[in-house]
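Residues per chain, in single letters:
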Amino acid sequence: MPKKRSITRKRKTQRSKKTKASLFKRWVLQTIVILGCVFLSYCVWIDFEIRKEFDGKRWAIPARVYSQPLELYAGRRYEQKSVIERLKKATYKPVTTLTGPGQFRLRGSSIEIYSRQFHYWDGVEEARKLRIEFNGKQIAAISEIDSGQIVHIIRLTPMLIGKIFPLHDEDRVLITYDEIPESLIKALIAVEDRHFFEHFGLDPIGILRSVFINLMAGKVEQGGSTLTQQLIKNMFLTRERTFSRKINEMLMAMMLEYHYSKENILSAYVNEVYLGQNGLRSIHGFGTAAEFYFSKPLSELNNAEISLLVGLVKGASYYNPRNNPERALKRRDLVLNLMHEQGFISAEEYKLSRSKALGVIAKPRWNSAKYPAYIDLVRRHLKRDYRIDDLRNEGLHIHTTLDVDNQEIAQNSIKISLSGLEKNRGFKSGTLQAALVIAEQHSGEVLALIGDRNKDKNAFNRALDAKRSIGSLVKPAIYMTALDIPGRYNVLSSLDDSKLIMEQSNGKRWVPTNYDNKTHGNIPLIRSIVKSYNVSTVRLGMELGLDNVIQTLKNLGVSSPIPRLPSILLGALNLSPYEVTQMYQAIASGGLQIPLKSIRAVLDNKGQPLRRYDLAVREYVKPETAFLTQYLLTEVVQNGTAKRLTRELPSLMPLAGKTGTTNALRDSWFAGFGDRLLSVVWVGRDNNEPAKLTGSTGAMQIWIDIMKKIKPDPLVLIEPEEIEWRNYPDMSNPVDSCVQTKAYPFVKGSAPNHINCY
Amino acid sequence: MNNYSPILILLMLGLTACAEQATKSVVLVPVEERNSPNIDNRSTTTSEAAGLDKSKQAINKPRESVIVALLDDADNLANAGKSDQAADTIERALRIEPRNAFLWHRLALIRIQQQQWQQAITMARKSNALATNNDKLKSENWGVIALAYEKLGNQQKANEARMKQKAQG
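**A short note on the overall build of chain B**
The secondary structure content of chain B amounts to eight helices and zero strands. When the helices and strands of chain B are placed in sequence order, the string is α-α-α-α-α-α-α-α.

**A look at the overall build of chain A**
Helix and strand counts for chain A come out as 23 helices and 32 strands. A compact globule built from 758 residues would reach a C-alpha radius of gyration of about 27 Å, whereas chain A, at 37 Å, exceeds it by more than 25%. For chain A, the spread of C-alpha atoms along the principal axes amounts to about 160 × 65 × 50 Å. Within chain A, buried positions represent 48% of all 758 residues. For chain A, long-range pairs separated by at least 24 residues make up 68% of all intrachain contacts whose partners lie at least 6 apart in sequence.

**Brief notes about the pairing of strand β30 (residues 677-684) of chain A**
Residue and element names in this part refer to chain A. For β30, the buried fraction is high: eight of the eight residues fall into the buried class. Here β30 shows no split at all, with L677, S679, V681 and V683 on one side and L678, V680, W682 and G684 on the other all buried. Relative to β30, strand β16 (residues 433-440) runs antiparallel, the two being bridged by eight bridges. For E440, the partnering residue across the bridge sits in β30 and is L677. Strand direction decides the pairing type here: strand β29 (residues 667-673) and β30, joined by seven bridges, are antiparallel. When the bridges of β30 are listed, D667 appears paired with G684. The hairpin turn running from β29 into β30, its antiparallel successor, is three residues long.

**Regarding helix α6 (residues 117-130) of chain B**
An ideal rise of 1.5 Å per residue puts 20 Å on 14 residues; α6 of chain B measures up with 20 Å between its terminal C-alpha atoms. When you tally the buried positions in α6 of chain B, you get 13 out of 14 residues, the bulk of the element.

**Re the confidence of the model for chain B**
Residue and element names in this part refer to chain B. Averaged over every residue, the pLDDT of chain B is 71; residues scoring 70 or more account for 63%. Under a pLDDT of 50 for its full length, residues 1-61 has, in the predicted model, 87 contacts with residues more than four places off or in other chains. Reported confidences for the modelled complex are a pTM of 0.81 and an ipTM of 0.78.

**With respect to the sheet that holds strand β13 (residues 274-278) of chain A**
Residue and element names in this part refer to chain A. Strand order in the open sheet formed by three strands is β12-β14-β13, with mixed pairing between adjacent strands. Sheet topology places β12 (170-171) and β13 at the edges, where each strand pairs with a single neighbour. Relative to strand β14 (residues 281-284), β13 is paired through four bridges, and the arrangement is antiparallel. The partner of Y274 across the bridge, within β14, is H284.

**Details of helix α20 (residues 577-588) of chain A**
Residues and elements named next belong to chain A. Its twelve residues place the ends of α20 16 Å apart at the C-alpha level, agreeing with the 16 Å of an ideal helix rising 1.5 Å per residue. Most of α20 sits out of view: twelve of its twelve residues are buried. Every buried residue belonging to α20 is among P577, Y578, E579, V580, T581, Q582, M583, Y584, Q585, A586, I587 and A588, and all of these are buried. At the exit of α20 stands G590, carrying a positive phi of roughly 80°.

**Quick notes on the pairing of β16 of chain A**
Residue and element names in this part refer to chain A. Taking burial as the measure, the eight residues of β16 include eight buried ones, the bulk of the element. Here β16 shows two buried faces, one formed by Q433, A435, V437 and A439 and the other by A434, L436, I438 and E440. As judged from the five bridges shared by β16 and strand β17 (residues 445-450), these two strands associate in the antiparallel manner. What sits directly across from V437, in β17, is L449.

**Concerning the packing of helix α14 (residues 404-425) of chain A against helix α23 (residues 699-710) of chain A**
All names here are of chain A. Look at α14 against α23: their axes get within 9 Å of each other, and the N-to-C directions meet at 140°. If you check the angle between α14 and α23, you find them oblique. For the pair α14 and α23, the sense of crossing is right-handed. Within the contact between the two elements, α14 uses N406, I409, A410, S413, I414 and S417 and α23 uses Q701, I702, D705, I706, K709 and I710. Looking at the contact of α14 with α23 residue by residue, the classes come out as six nonpolar, four polar and two charged.

**Observations concerning the nonpolar core**
Residues and elements named next belong to chain A. Residues A434, L436 and V681 are the most contacted members of the largest nonpolar core, which totals 186 residues. Leaving out residues up to four positions away in the same chain, V681 has contacts with A434, L436, F670, A699, I702 and W703. Core analysis: the second largest hydrophobic core is formed by 59 residues, I180, L202, L227 and L298 among them.

**Quick look at the confidence of the model for chain A**
Confidence in the prediction for chain A averages 89 pLDDT; 95% of positions are at 70 or higher. Of all secondary-structure elements in chain A, the lowest mean pLDDT belongs to β12 of chain A, at 72, while helix α16 (residues 475-483) of chain A reaches the highest, 98.

Reading the values: rules and limits
Residues numbered from 1 in each chain as written. Chains lettered and ligands numbered in written order. Predicted model: local features only at pLDDT ≥ 70, side-chain atom pairs only at ≥ 80, totals over all residues. Helix = DSSP H or I, 4+ residues; strand = E, 2+ residues; numbered from the N terminus. Rg over C-alpha atoms; globule rule 2.2 N^0.38 Å. Buried ≥ 20, exposed ≤ 12 C-beta atoms within 10 Å, placed from the backbone. Contact = placed C-beta atoms within 7 Å. Pairing = 2+ DSSP bridges. Expected span 1.5 Å × (residues − 1). pLDDT = per-residue confidence, 0-100. Axes fitted to C-alpha atoms, helices over the stretch in contact; angles between N-to-C directions. Parallel < 35°, antiparallel > 145°, perpendicular 65-115°, else oblique. Left-handed = near helix turned anticlockwise from the far one by under 90°. Nonpolar A, V, L, I, M, F, W, Y, C, P; charged D, E, K, R; others polar. Core = buried A, V, L, I, M, F, W, Y, C linked by C-beta atoms within 7 Å.

Structure below.
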């Protein structure tokens, strides 16, 4: 019994133990199931999150702003050295043999170029090998090197002059999988992830190897993260180094690999990885980095350059080649070494690449600070047609009308001239300011724009926002109003320049005076404008009626409010240099008003055309009236206030222009044009104190300096058929008057039978 | 995924069982699809082509071959119904020779193709202002002006232009 009892007890104990065990088992199992469910739900959730993020991944890509391309053709005046300069600016590399786009070589009096592909509005201009032959200062011929075929006209790749950045200040040049250079893939594999194309997101062998290496080295020398893990880290996770984050990263990497192809993952990686910092702006992706460090497209980088960028993955700031060139060089060579070790590059290539300098450019070329006033104008024009978000995020390509040569010539001239003027006038350095616009009058294209003497500053864009009294620049509008009535006025009509006293509506008297403080009695109309006499002009304006003069100003494109006061006849009218340029465009084009524009076309991120800014013209005045006005402005240069042009620019004659000076010499203006180029210059002081400069001693001097370098085509006046020329006594100067004869233009039938000599 | 271990594959399959159908395509290009600008599909009419031929013959300047090449390009584009591109090419030529009356005439013809009647009139008039001694070109420009005024419904001005076209032709 006791035995039995004891057996029973034993059994009971065993049973209770069994029950306890099974309870425990069940409890464990339940916990595992619950935990498993929680884990599974968590996994499902992050899986969903990953795919949502990855599928919907839309990188914000800044808009890219380009200058106009340099058009070269046989017969164009453009020197060999200028083309070379331009090629270097566009980071074309001088080589001995042309092997790829972005290269050139000199061959005596010709240049051979391997051009880059570029998407223009009217189609793609493919990369090709071209020979440009020069004949002195002219281009003699252009041909394709391989076929020998004549090429009539080529466009040299426009320069990237600025970007319009996303709000979070990221910069990115998007690269598609096909565009990833093979050497980049190889370098990434060699350095970052040897088994990328085989693993499932994690690389156990890689982890073991890195643990071993790190143990041997006694410090963290190699990370075991795969490219996929690194991508996850960049896209989803914070920088903190915790165990749970690592687990998350591994899970997510596996899921990413499950859902997406290696190509997709690699493309995302190449575009996402952080590779540097430009001030507040982070540099993401290899395409952006190629531009940031080398100012070249990724496709043009050699093995050494690619290796430098791949080296930055480990620590873009620590290995920053601009701040730590030695460290960067060491890292680059390590990358090259790994590539060589793994058989990706030959011993020869390894040696060659190692011998190369870093080759990093000092500053990124597209820095918007280079032409800030111009970029400001482009932004304002874009805002009319685009939402700011599209500009910041959609990677639009903006093709502008900026002529880099003209812009730089103008920038340098202003800098030098203002310092000279300050010295002459006894001003402290930095007292004077200037603004300028250069435009092509037949297309309305703005070729250059300066809003500050310091080219890097644009806190105040004077070209667009400084509205100043325009002085005598208003006069052509008054004379145009008169000449539009050929029955009443012609270029030799008699005007009265004797003393004028005007009663104003406020009861005060206004007595306009001439700059020389004299009156000149009866004078021919032409002399009144050529000498810029004020009294006769005011009298003429009043005779014509203020409303008619105001209408002419509006027709010329002035959109600012114009006060209905007699003082506007002497230019008491505040306009920006840009608006003055618009006004003179209409005069210079010979009767067509064309809105000034800074954008030729907008293309999307893939180079597909979105919008073109057509040439749109409006005839605002009879061609013969416009012709006569232009003629008067050529006479201002020949015999009047702008006569210095004939001495300083003799080979460019004829040109047309008008000086403008305001009360107490506060503003100095000059507007002048040749056959194609029109430029308006303003010089003055921000506080509106006297600048001690007339139009001809200040602004015109800068204009002359600039045109000496730009060498605009002389103005060819083509007279409309309604114009006839008749000989009369020369009325240019009182002393010459009636001594010799001179031909003057008239609207047919309006030439006077008899004139008085004065 | 060929080298994945079966357990991992099972694990991953399990993990995603409740999730949506796996998506294989990734949108890596963040730009919305946009339509290209509307292009007029009409081809150049015979008279337009004739106008172009005459203009080519009459150009006699040092940059002649460049202008002719661009006119050729513009012609091909216009014939392919790409009037916007054709206009772009003429504008390129105009930047080289802004006072070339034939180019303005050609641009006026493209504006006709684009049904921009007022622009066509202004450009034809500009061409006339520059075509000092070329009566034929002037006559053709008056033809363009007449056509544009007709389209605008201004019969009186159209008739005046027709008269001038005849007088000069």
